Amino acid sequence: MATKKAAKIVTVFNQKGGAGKTTSTCQIAGTFGHRGYDVLVADLDKQSSASKWLSAADESAPFPASLWAGHMYKGNIATELGKLSEKYDLIFLDCAPAVDQPGTWASLLVNDLAIIPTKLGPADTDALHDAFELAKRARIESGLNFPVRVLATAYRKARADERIALGKLAQNERYPDFPAFKTSLADRIAYPRAMLYGATAHSMPKAGDAVEELESLADEIAALLAMPKRKTK
Ligand SMILES: Nc1ncnc2c1ncn2[C@@H]1O[C@H](COP(=O)(O)OP(=O)(O)OP(=O)(O)O)[C@@H](O)[C@H]1O
Ligand SMILES: [Mg+2]
């Protein structure tokens, strides 16, 4: 009989389109897959981007995580998540670009960590308010003090405006409980390119810097989830 698992659940959400939700979800989920964990990517967006990413893999080198096309599911997402959490160590939910989605809310009520990816332009950071408020409401409604972190995506370190924006998010004065991760994902071709191959940056050529970022981010996430960096047998 398979051993019962109780997955750690991670919601990746932001109402803003193109914030880097799917790219970050697939890269992080795959990184934990490479670390030996049984990982599920739950695609809650009807654009199916995460589904396409994971399905693009060659049979000889499958993506290191399983897929659940949650956006096609007609039943109760919360109930299904409960069942799925018995089969995996970690579940990452790639949410649709809107905060009023029932799937996002259901996930936030049971999750162990919420990640809000964002690019660093003014229109992107100004739009974070709704995501912070949703996370705040979910904490109150669930009674769970789950951690919430902002993830800077496609970060261009050479740009002063982006460095300043990231500095502000690191403190997050208005929402000090929801700071940015220490690690950002820089603007690197290896991240989107990996989608074409149904892989993570680990399989891309000359992607050492991207891999280093992903490993450092995964270490931060493992610490927040109080789990070992790698799966120990
Ligand atoms: N770290 C990165 N480096 C380079 N490009 C990136 C990075 N993260 C995201 N992108 C690019 O930004 C665009 C949007 O990314 P992505 O699809 O992951 O965002 P999303 O939030 O899931 O979008 P949607 O709201 O449509 O679901 C894509 O073209 C993607 O390749
Ligand atoms: Mg997406």
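Residues numbered from 1 in each chain as written. Chains lettered and ligands numbered in written order. Predicted model: local features only at pLDDT ≥ 70, side-chain atom pairs only at ≥ 80, totals over all residues.

A. Inspection of the sheet that holds strand E3 (residues 66-68) at higher detail. Strand order in the open sheet formed by six strands is E3-E2-E4-E1-E5-E6, and the pairing between neighbours is parallel. The open sheet is flanked by E3 and strand E6 (148-152), the only strands paired with a single partner. Strand-to-strand twist across the sheet, computed as the mean angle between neighbouring axes with direction ignored, equals 25 degrees. Both strand E1 (residues 8-12) and strand E4 (residues 90-94) contribute to a ladder of five bridges, which runs parallel. Looking at the pairing, Thr-11 lines up with Leu-93 of E4. Contacts between helix H4 (residues 102-110) and the sheet are confined to E1, E4 and strand E5 (113-118), with E1 contributing the most and set at about 140 degrees to the helix. (Pairing = 2+ DSSP bridges. Helix = DSSP H or I, 4+ residues; strand = E, 2+ residues; numbered from the N terminus. Axes fitted to C-alpha atoms, helices over the stretch in contact; angles between N-to-C directions. Contact = placed C-beta atoms within 7 Å.)

B. Spatial organisation of the site of ligand 1. Taken together, 18 residues form the shell around ligand 1, and within it Lys-21, Thr-22, Thr-23, Pro-97 and Pro-192 come nearest. Among the elements of the structure, helix H1 (21-34) and helix H8 (190-196) are those that each provide at least two residues to the shell around ligand 1. Among the elements that take part in the shell around ligand 1, H1 stands out by supplying three residues, more than any other. Considered class by class, the residues forming the shell around ligand 1 number six nonpolar, eight polar and four charged. (Near = placed C-beta within 6 Å. Nonpolar A, V, L, I, M, F, W, Y, C, P; charged D, E, K, R; others polar.)

C. Local environment of unusual backbone geometry. At Ala-154, a residue that is not glycine, the phi angle is positive and equals roughly 50 degrees. Within the fold, Ala-154 resides in the loop between E6 and helix H7 (160-171). Classification of Ala-154 by C-beta neighbours within 10 Å gives buried; the count is 23. A positive phi angle, close to 50 degrees, is found at Ala-226, a residue other than glycine. Structurally, Ala-226 is set in the segment after helix H9 (208-224). (Buried ≥ 20, exposed ≤ 12 C-beta atoms within 10 Å, placed from the backbone.)

D. Fine view of the packing of helix H3 (residues 77-84) against H4. Viewed as axis vectors pointing N to C, H3 and H4 meet at an angle of 50 degrees, and their least axial separation amounts to 9 Å. Between H3 and H4, the crossing angle belongs to the class labelled oblique. Here the hand of the crossing between H3 and H4 comes out right-handed. When H3 is examined against H4, the residues Ile-77, Ala-78 and Leu-81 are found in contact with a partner set consisting of Pro-102, Gly-103, Ala-106, Ser-107, Leu-109 and Val-110. Looking at the contact of H3 with H4, its residues break down into seven nonpolar, two polar and no charged. (Parallel < 35°, antiparallel > 145°, perpendicular 65-115°, else oblique. Left-handed = near helix turned anticlockwise from the far one by under 90°.)

E. Inspection of the environment of Ile-116 at higher detail. Residue position: Ile-116 is located in strand E5. Sequence spacing of Ile-116 and Thr-153 is 37 residues, and the spatial spacing of their C-alpha atoms is 9.9 Å. With residues up to four places along the chain from it excluded, the contact list for Ile-116 reads Phe-13, Asn-14, Leu-128, Ala-131, Val-148, Val-150 and Leu-151.

F. Structural view of the pairing of E6. Burial analysis of E6 places five of its five residues in the buried class, the great majority of the element. Because side chains alternate across E6, one face comprises the buried residues Val-148, Val-150 and Ala-152, and the other comprises Arg-149 and Leu-151, equally buried. In this structure, E5 lies alongside E6, joined through five bridges in parallel fashion. The residue bridging Ile-115 from the neighbouring strand is Arg-149, located in E6.

G. Looking closely at the nonpolar core. Val-39, Val-41, Leu-90, Ile-91, Phe-92 and Ile-116 are the most contacted members of the largest nonpolar core, which has 63 residues in total. Other than its neighbours up to four places away in sequence, Val-41 contacts Thr-25, Cys-26, Ala-29, Ala-50, Leu-54, Ala-65, Leu-67, Phe-92 and Asp-94. (Core = buried A, V, L, I, M, F, W, Y, C linked by C-beta atoms within 7 Å.)

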